[in-house]
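Observations on the model geometry
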Number of protein chains: 2
Amino acid sequence: MPNYAVGHKTPDSDSICSAIALSYLKTTLGEETVPARLGELSPETLFILDKFGFEQPELKTSFAGEGIYIVDHSDRIQGPDDIDEATILGIIDHHKLGDITTSTPLEIWVRPVGCTNTIIKMMYDFYDVEIPKNIAGAMMCAILSDTVIFKSPTCTTADIKCVEALAEIAGISDAKALGMEMFAVKSAVLGTPIRDLVLRDFKDFNMHGNLVGIGQLEVLDLAIFDDMKLELFADIAKLKAEGNRHTVLLLLTDIMKEGSEMLVISDNADLTEKAYGKTLVDGKVWLDGVLSRKKQVVPPLQDSLA
Amino acid sequence: MPNYAVGHKTPDSDSICSAIALSYLKTTLGEETVPARLGELSPETLFILDKFGFEQPELKTSFAGEGIYIVDHSDRIQGPDDIDEATILGIIDHHKLGDITTSTPLEIWVRPVGCTNTIIKMMYDFYDVEIPKNIAGAMMCAILSDTVIFKSPTCTTADIKCVEALAEIAGISDAKALGMEMFAVKSAVLGTPIRDLVLRDFKDFNMHGNLVGIGQLEVLDLAIFDDMKLELFADIAKLKAEGNRHTVLLLLTDIMKEGSEMLVISDNADLTEKAYGKTLVDGKVWLDGVLSRKKQVVPPLQDSLA
Ligand SMILES: [Mn+2]
Ligand SMILES: [Mn+2]
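What comes next concerns the included structure.

Thresholds, definitions, all that
Residues numbered from 1 in each chain as written. Chains lettered and ligands numbered in written order. Predicted model: local features only at pLDDT ≥ 70, side-chain atom pairs only at ≥ 80, totals over all residues. Heavy atoms only, no water. Least-squares fit on C-alpha atoms with pLDDT ≥ 70 in both. Contact = heavy atoms within 4.5 Å. Buried area = accessible area lost by both parts, 1.4 Å probe. Salt bridge = Lys/Arg side-chain N within 4 Å of Asp/Glu carboxyl O. Polar contact = N/O pair within 3.5 Å; in protein donor to acceptor, adjacent residues only side chain to side chain. Helix = DSSP H or I, 4+ residues; strand = E, 2+ residues; numbered from the N terminus. Nonpolar A, V, L, I, M, F, W, Y, C, P; charged D, E, K, R; others polar. Pairing = 2+ DSSP bridges. Expected span 1.5 Å × (residues − 1). Buried < 20%, exposed > 50% of the residue type's maximum accessible area, 1.4 Å probe, protein only. Axes fitted to C-alpha atoms, helices over the stretch in contact; angles between N-to-C directions.

1. Structural notes on the relation of the copies chain B and chain A
- Its rotation angle being 180°, the transformation that places chain B on chain A also includes 0.0 Å of axial translation and leaves an RMSD of 0.0 Å. The superposition operator between the copies reduces to a two-fold rotation axis. Closest approach to the rotation axis among the C-alpha atoms of chain B is made by W109(B), whose C-alpha sits 2.8 Å away.
- Here 100% of the interface residues in chain B have copies in chain A that are interface residues too; the copies meet face to matching face.

Next comes the structure, spelled out in structure tokens:
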């Protein structure tokens, strides 16, 4: 029976590519491991898989009785629903430490870097396993995605060096150009059902007992959302009610202007004031320089809800 | 303001030596870090510090507002009481993943090996920092202690290879002989107040809402406890009442016979039957082959209390 490597719900490119890269590494080391996904893939991730010749990982949401590696998260709410009935063999992640616990010793690689795949590259180096060309390409794209082509404040020198090394292995001469191509795919939001857009990169957090959902859409130009704002508001309000959430935030991130417009539906009227020192106008606020949910949005919010 | 590296309450040799070794590594990398301890040291640990010329780390139990590296544990109950008011910069550990969480990304090295110092050696290799002779000696002794000179089922090839490498750095020709000398020091329990003995290597666990305290004394020959059993029982009963604990276990481990006598005071009369398939006789049970609290005692107990 193989083990599985699985990222978070509403998988992003990092979750998928790190599951693929870790599975190859563990399998090469003699421990058969299969990548899995907890949900549908985004156009960006499909672009990466297609570009480097990968099938979609198996859609699998139940892991009772199986061995799993958790990648790109460590919060129970973001993982498989029956995580308690699985044996967690390892966690590879670059977020704050969440509330997953285990009853047996395991392998954990967590680093304060921009992308899980940067850590997986360290693992390949540690175990002295060669990275196949196509896996290197997928890992590289995941790092470009998570670091917003090195612009995110979460990006570290380790991420940049890692992209350089992976580009060389994959035989890609201009990594940044491929990154822009990828973000152009990501920016093509027209024609997508509103709910699909809102959930494209959506994460729930348990913040001191309050359920907070935060979605993010990263695009090359925010103007693309001009005619959709009301629909987006209506949908995150629905999402809040459906999930009994305390707050739903939607970050519309302009990767060229390097900032985010935040749409807010919350039980706390002064939420953004307390967390970010900015007053809401018509349920919206522009946060200059804010590109990272993990580093710039979640920590002040979590502290303000303490 | 420096950061701190700190192990668990009732510090053992691994907690102290890994705090010292990690502090040197981080300081060398440009991040001033000071080892600290949460309590008094055991004769074994004092023997190691004396042998390699170290002072006792600073006794420090409050870390509010400071940056800390947590070593050799990841359970809140085992760490500093005000851990929530500290900034956790990293966790280096070889136990099951406990309930510590953070609000910011951090560095975590957890491996299913026999000793935290085996992981710290990996960190030195990763960061390409040379280990000073005396730190190598202390790290080596901690591994010999945690793995019961390689006899514990928690011991891995990585631990054995690590001891070999550290012995060479420290210029020690017979590591096992030094290990036996260390366990002879550890076995000298006569004349020690009973409470000090019980708490010498004592850990509390929160098992599904039940507070369970488990002490362990590893000696070369269990006969040394023959005249102390009644006093030991009386004291763990007191300890149970004082701390409102569900259970207190005391493992008397014979490292030569390779097994443990377990003394039990518990709210569950059939605790050992459910967890270990062994019936208590006069509050005691012999568990053949059981040397490791972490690997052989805690997991079945935690499962049986679920
Ligand atoms: Mn990620
Ligand atoms: Mn230890």
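2. Section: the interface of chain B and chain A
- Between chain B and chain A, the residue contacts involve 26 residues of the former and 26 residues of the latter.
- Ranking the residues of chain B by area buried against chain A places L97(B), P105(B) and I108(B) at the top, with a combined share of 28%.
- One can count 0 salt bridges joining chain B with chain A.
- Linking chain B with chain A are 6 residue pairs in polar contact (both at pLDDT 80 or more), by the criterion used here.
- Listed by contribution, the elements that provide at least two residues to the side of chain B that touches chain A are β6 (107-110), α3 (116-127) and α10 (293-304) of chain B.
- Within the side of chain B that touches chain A, the residues separate by chemical class into 12 nonpolar, 8 polar and 6 charged.
- Relative to β6(B), strand β6 (residues 107-110) of chain A is paired through 3 bridges, and the arrangement is antiparallel. Each residue of the ladder has a partner; that of W109(A), found in β6(B), is W109(B).

3. Considerations on helix α1 (residues 13-28) of chain B
All names here are of chain B.
- Its 16 residues place the ends of α1 22 Å apart at the C-alpha level, agreeing with the 22 Å of an ideal helix rising 1.5 Å per residue.
- Counting buried residues along α1, 13 of its 16 residues qualify, which places the element largely inside the surrounding structure.
- Looking one or two places after α1, you find G30, whose phi comes out positive at around 100°.

4. With respect to the sheet that holds strand β5 (residues 87-93) of chain A
- Strand order in this open sheet of 12 strands is β3(A)-β2(A)-β1(A)-β4(A)-β5(A)-β6(A)-β6(B)-β5(B)-β4(B)-β1(B)-β2(B)-β3(B), and the pairing throughout is mixed. Either end of the sheet is taken by a strand with one partner, and the two such strands are β3 (58-59) of chain A together with β3 (58-59) of chain B.
- The strands touched by helix α1 (residues 13-28) of chain A are β1 (3-6), β2 (33-37), β4 (67-71), β5 and β6 of chain A; relative to β2(A), the strand with the most contacts, the crossing angle is about 170°.
- Helix α3 (residues 116-127) of chain A rests against β4, β5 and β6 of chain A of the sheet, and its axis sits at about 125° to β6(A).

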